[in-house]
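What follows is the residue order along each chain.
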Amino acid sequence: MRNKSFLGAMAAIIMLSACGKKEEAPQQAAAAPVPFPVQTVTKQDATVFEEYTANLEGRQNVEIRPKVTGFITKIFVDEGQTVRKGQILFKLETQTQNQDAAAAKAAVNAAQVEVNRLAPLVERKIISNVQLETAKANLAQVQANYQAIATNIGFGTITSPVDGVIGSLPLKEGALVSPTSEVALTTVSDTRVMRAYFALNEKQMLNFSKTFKGATLEQKLKNTPAVTLLLVDGSEYDQKGRIEAVTGLVNATTGTSQFRAEFKNPQAILRSGSNGIIRLPINYNNAIVVPQNAVFELQGKQMLYVVDKDGTVKSKVITTRTTSGTDFIVEEGLEEGEVIVVEGASKLKDGMKIIPQEAKKEQPADAPIQDTVASSVSKTKTVTTKK
């Protein structure tokens, strides 16, 4: 019996020893260095497109309103029609004013007859000159009255003040209109040159002022490159534009400054009232570019892991300026020649040793434009990077 107890105890010790070895094996395997993709930091030339939502308007958007009260008797144009400056658009009823004009004309004739009658009497000194001057003053008054009525009759024929395209026609023939009507007769838009209005907040405006050279805002605008316009279907408009103007004051309500870019519209593709996205290219020379996958955030700071010569990793705080596709452009915290871990940062901690493996570099490509024209405020888009 004693031998059996002794043998059982020895078997139990051997089994526990075997289990202990099996549990130690994974710990020893976990402590061994594992491969991680790394990349050596180099300086590159990068072009980044800053994107801003824009509203499009014709160079001239003229509301057509009547100068006199009357009924619309005839509409000579249709919605979307191209018109020329001076072309007749509307005709208002002027029959009542025609009657007033006839009465005023008769008053002018009568006053003229009175002046003609008194003039020779004054020359012969039969009557005083005061009577003649009074008659002349009366003549001038009725002539002014007649001229005002005739002018109002002319206002009954409404013509286009500019070349352009007719907007909507909310009022139909027979409608009563007046100079105080809330609704305009129509709008004529000169769309040969389109204006794209977009806004920059104070931070973006400050960055704009630092990026482009010039002692004044006008000089900075002259030094900006040509901009492109993305249409609502994601395609790029085939005409380049220029930023022509910017408001001198920041809007106190929105905290933004409004910019205006202009695009030629020879094929009438752009329509007044539509939306688009302005793409402003900004060049960065000798910039440090790192993959976004290499960067992680900790307590509000952007960080990445740098690899020492012996394969030990150490976290480092960096400051990024903007994005270029799938990369960050680093402003501070990283030097050329340093080696960084580009993937798997969540699996690392300071002091760990890894087996560095050079990561394959992919050529940056322009990501497809998403349909965010109506909702996006501003964003940064990919461009190209050159070594």
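Figured I'd write up the structure that's included with this text. (Residues numbered from 1 in each chain as written. Predicted model: local features only at pLDDT ≥ 70, side-chain atom pairs only at ≥ 80, totals over all residues. Heavy atoms only, no water.)

## Structural notes on the overall build of the protein
For clarity, the cut-off: Strands are runs of DSSP state E lasting at least two residues, helices are runs of H or I lasting at least four, and both sets are numbered from the N terminus onward. Throughout, exposure labels follow a simple rule: accessible area from a 1.4 Å probe, protein chains only, divided by the maximum for the residue type, with under 20% read as buried, over 50% as exposed, and the rest as partly exposed. Residue contacts follow a heavy-atom distance rule, with two residues in contact if any of their heavy atoms lie within 4.5 Å. Per-residue accessibility takes into account occlusion by the displayed protein chains alone, with areas from the Shrake-Rupley method and a 1.4 Å probe.
When helices and strands are counted, the protein shows five helices and 20 strands. Put simply, the protein has 387 residues, and 37% of those count as buried. Long-range contacts, defined here as pairs at least 24 residues apart, represent 74% of the contacts in the protein between residues at least 6 apart. Counting every atom, the protein has about 23,500 Å² of accessible surface; 52% of that belongs to carbon and sulfur.

## Here we look at helix 4 (residues 202-211)
The cut-off we apply is this: Here the arc refers to the set of directions running from the helix axis out to each C-beta atom. Definition of a polar contact: a pair of N or O atoms within 3.5 Å, with one able to donate and the other able to accept a hydrogen when the atoms are protein atoms, and with sequence-neighbouring residues admitted only if both atoms are side-chain atoms.
All buried positions along helix 4 are accounted for by Gln204, Met205 and Phe208. All buried residues of helix 4 fall inside an arc of 100° around its axis, so they share one side. Opposite the packed face of helix 4, turned more than 90 degrees from it, sit the exposed residues Glu202, Lys203 and Lys210. Its side-chain oxygen at 3.2 Å from the backbone nitrogen of Lys203, Asn201 defines the N-terminal cap of helix 4.

## Description of the sheet that holds strand 8 (residues 176-177)
Cut-off, in case you're wondering: Strand pairing follows a simple DSSP-based rule, namely that at least 2 bridges must link the two strands.
With antiparallel pairing, four strands are arranged side by side in an open sheet as 6-5-3-8. Two strands in the sheet have a free side with no partner beyond their single neighbour: strand 6 (157-159) and strand 8. Across two bridges, the pairing between strand 3 (residues 70-75) and strand 8 is antiparallel. Note on strand 8: the bridge partner recorded for Phe71 is Leu176.

## A look at the side chain of Glu262
Among the secondary structure elements, Glu262 is positioned in strand 12 (residues 256-264). Separated by 3.3 Å, the side chains of Glu262 and Arg260 make a polar contact. When sequence neighbours within four positions are dropped, the list of residues in contact with Glu262 reads Val193, Met194, Arg195, Gly241, Arg242 and Glu244.

## Remarks on the nonpolar core
The tendency in soluble globular proteins is for nonpolar side chains to be buried side by side. The condition that has to hold: To define a nonpolar core, start from buried Ala, Val, Leu, Ile, Met, Phe, Trp, Tyr and Cys residues and group those joined through side-chain atoms within 4.5 Å.
Counting 30 residues, the largest nonpolar core has Phe198, Phe259, Phe263 and Ile278 as the members making the most contacts within it. When residues of this core are traced back to their parent elements, those giving at least two are strand 2 (43-64), strand 9 (186-201), helix 4, strand 11 (242-246), strand 12 and strand 13 (275-291). When residues of this core are assigned to their parent elements, the largest contribution, six residues, is made by strand 13. In this structure, Ile72, Val83, Val162 and Ala175 belong to the second largest nonpolar core, which totals 17 residues.

## Topic: the pairing of strand 15 (residues 301-307)
Burial analysis of strand 15 places six of its seven residues in the buried class, the great majority of the element. Alignment of strand 14 (residues 296-298) against strand 15, held across three bridges, turns out to be antiparallel. Each residue of the ladder has a partner; that of Phe296, found in strand 15, is Met303. The turn linking strand 14 back onto strand 15 is made up of two residues, and Gln299 within it adopts a positive phi angle of 55°. Across six bridges, strand 15 lies against strand 16 (residues 313-324) in antiparallel orientation. What sits directly across from Gln302, in strand 16, is Ile318. With antiparallel pairing between neighbouring strands as the criterion, strand 15 and strand 16 make up a hairpin whose turn holds five residues, including Gly311 at a positive phi of roughly 90°.

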